[in-house]
Structures are given as structure tokens and as C-alpha cells.
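Structural overview for review
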Amino acid sequence: MMMEGVGGVGGVAVDWRTSFAEFVLEEEEDDRTFHNKPTTTNPKRWSETRSVRENLELWFGSSLPSPLSPSTTEKSDYLVECGICYAHRLPTEEDDNDPDSKGEGPLPEVKCSNSSCNRHYHESCLFEWLHSLPTARVSFDRIFGACPYCCEPVSVKIANGVNNH
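Residues numbered from 1 in each chain as written. Predicted model: local features only at pLDDT ≥ 70, side-chain atom pairs only at ≥ 80, totals over all residues. Heavy atoms only, no water.

1. Considering the packing of aromatic side chains
On inspection of all chains with the given rule, the structure shows zero aromatic pairs. Against the face of Y149 rests R119, its NZ or CZ located 3.8 Å from the ring centre. (Phe/Tyr/Trp six-rings, centres within 6.5 Å; stacked < 30°, edge-to-face > 60°. Lys NZ or Arg CZ within 6 Å of the ring centre and 35° of its normal.)

2. Notes on the nonpolar core
Ranked by size, the top nonpolar core spans 15 residues in total, and within it L126, L130, I143, C147, V154 and V156 carry the most contacts. Of all the elements in the fold, those that place two or more residues in this core are α5 (123–132) and β7 (153–157). Tallying contributions element by element places α5 first for this core, with four residues. Sequence-distant contacts of V156, that is, excluding residues within four places in its chain, are made with V110, E123, L126, F127, L130, D141, R142 and I143. (Core = buried A, V, L, I, M, F, W, Y, C linked by side-chain atoms within 4.5 Å. Buried < 20%, exposed > 50% of the residue type's maximum accessible area, 1.4 Å probe, protein only. Helix = DSSP H or I, 4+ residues; strand = E, 2+ residues; numbered from the N terminus. Contact = heavy atoms within 4.5 Å.)

3. Looking at the pattern of salt bridges
Between side chains of opposite charge, a pair can form as their charged atoms come close. One pass over the full model with this rule turns up one salt bridge. For E57, the salt bridge goes to R53, with nearest N and O atoms at 3.4 Å. With E57 and R53 both in helix α3 (residues 52–60), this residue pair falls four residues apart, about one helical turn. (Salt bridge = Lys/Arg side-chain N within 4 Å of Asp/Glu carboxyl O.)

4. Examining the side chain of N55
Checked against the element boundaries, N55 lands in helix α3. Taking the relative accessible area as the measure of exposure, N55 reaches 0% and is therefore buried. There is a polar contact of 2.9 Å between the side chain of N55 and the backbone oxygen of S47. Excluding its chain neighbours within four sequence positions, the residues that come into contact with N55 are F23, R45, W46, S47 and R50. (Polar contact = N/O pair within 3.5 Å; in protein donor to acceptor, adjacent residues only side chain to side chain.)

5. Considering the side chain of S155
Among the secondary structure elements, S155 is positioned in strand β7. For S155, the side chain forms a polar contact with the side chain of R142, separated by 3.2 Å. Look past the residues within four positions of S155 in its chain and what remains in contact with it is V110, L126, L130, R142, I143 and F144.

6. Let's talk about unusual backbone geometry
Residues other than glycine predominantly adopt negative phi, and peptide bonds predominantly adopt the trans conformation. Even without being a glycine, Y86 presents a positive backbone phi close to 60°. Positionally, Y86 belongs in the loop between α3 and α4 (93–97). Its identity is not glycine, yet C151 carries a phi of approximately 65°, on the positive side. The topology assignment puts C151 in the loop between β6 (142–146) and β7. A residue is classified by how much of its surface remains accessible, and C151, at 59% relative accessible area, is exposed.

7. Side note on the pairing of β7
In this sheet, β7 lies alongside β6 in antiparallel orientation, the contact comprising five bridges. Bridging from a neighbouring strand, I143 pairs with V156 of β7. Once β6 ends, the chain turns through six residues before running back antiparallel as β7, passing C151 with a positive phi of about 65°. (Pairing = 2+ DSSP bridges.)

8. Side note on the pairing of β6
Inspection of the sheet shows strand β5 (residues 137–139) paired to β6 by three bridges, in the antiparallel sense. The residue bridging R137 from the neighbouring strand is F144, located in β6. In textbook terms, the turn of a hairpin is the stretch between consecutive antiparallel strands, and for β5 and β6 this stretch comprises two residues, one of which, F140, has a positive phi near 55°.

9. Observations concerning the confidence of the model for the protein chain
Residues with a pLDDT of 70 or more make up 62% of the protein chain, whose mean pLDDT is 74. Predicted confidence is poor over residues 1–7, with pLDDT under 50, and the contacts of this stretch with residues over four places away or in other chains come to 15 contacts. (pLDDT = per-residue confidence, 0-100.)

10. A short note on the sheet that holds β6
Ordered in space as β5-β6-β7, the three strands form an open sheet in which the pairing is antiparallel. Every other strand in the sheet has two partners, leaving β5 and β7 as the edge strands with one partner each. Between one strand axis and the next, the sheet turns by 25° as a mean value, whatever way the strands run. (Axes fitted to C-alpha atoms, helices over the stretch in contact; angles between N-to-C directions.)

If you want it as C-alpha cells, here you go:
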């Protein structure tokens, strides 16, 4: 039976907490152990000259995966799409005239404040959605209504050039 913090390496049980505590011992402590004789830095010990990542990789004995590694992640893993139009970027007027354009329009910037929803919306998409609701309210330069997914209150700045009746 394996206990928390205990693992096996080559068939031998290892308590990782003790192993890591030994790895992190400060170099000054190592110097006192050898009767204050100067010693060379043990490359298998934690070193403040290395980054935390490098120290952990040394302790684990292998490299850690990188979240930005092109072999393990796709660009689409980090793209947020609008909860209304399901697009990452809205097309611009130039996109309509140029079929080779890459869609450099606005990103979804408005986010639902409900932590269990967290949907993102383009300002223009959310404005159109809220503007179509009979229960939406306008106050100064904002329109207030319900999130399309969770019905929590959400608001967006009124789009320029829209007349309120």
C-alpha cells in the first residue's frame, strides 16, 4: 500500500517529502557538516543560482512539460470564443473585401461574473443580445440584462452610433 508522499523508484520505497527536504538543504548547512572546510557546491542540491524550474527538473531527474511547448499544446487551447457567435475574433470590414485576411477583429472582452459560468462575449454580440431582450435596462452608457447561459446580471457599454428609443 502506498502512502501519501511515498513513492517507489526501482522497486525501493522513497519518501518524497524527506528526499525533497534533503535536496533543499542550504549550502551553508553542508559547509558546517564538513567542519567549516570550503567545499564545492553539490550539483545535486538546490541552488539559488538556478531557477525554480531548473532545480525541480534536477530533483525529478527529467524535464518538466512546458505549457507553451508546441508539441503538447495547440494555439486553439488558449483561444476564448464568444458565447453568442462562437467566434474567437469578429470579422472586420477589411475581412469582407479580402478573403485571405486572418480575422484580426476584436476579441471577446466581456466576461460573465458568475464563477460557474465565466462565458466571454464580444461587446457587440452581447450588446445585440441584450438589446433584443424586452427585460433589458439602459442606464447612462450601459445596457443591463441577463447572461444568455446562466441568467445572471451582465452589462456592456452601449455601442457607438446606436439610437435609443
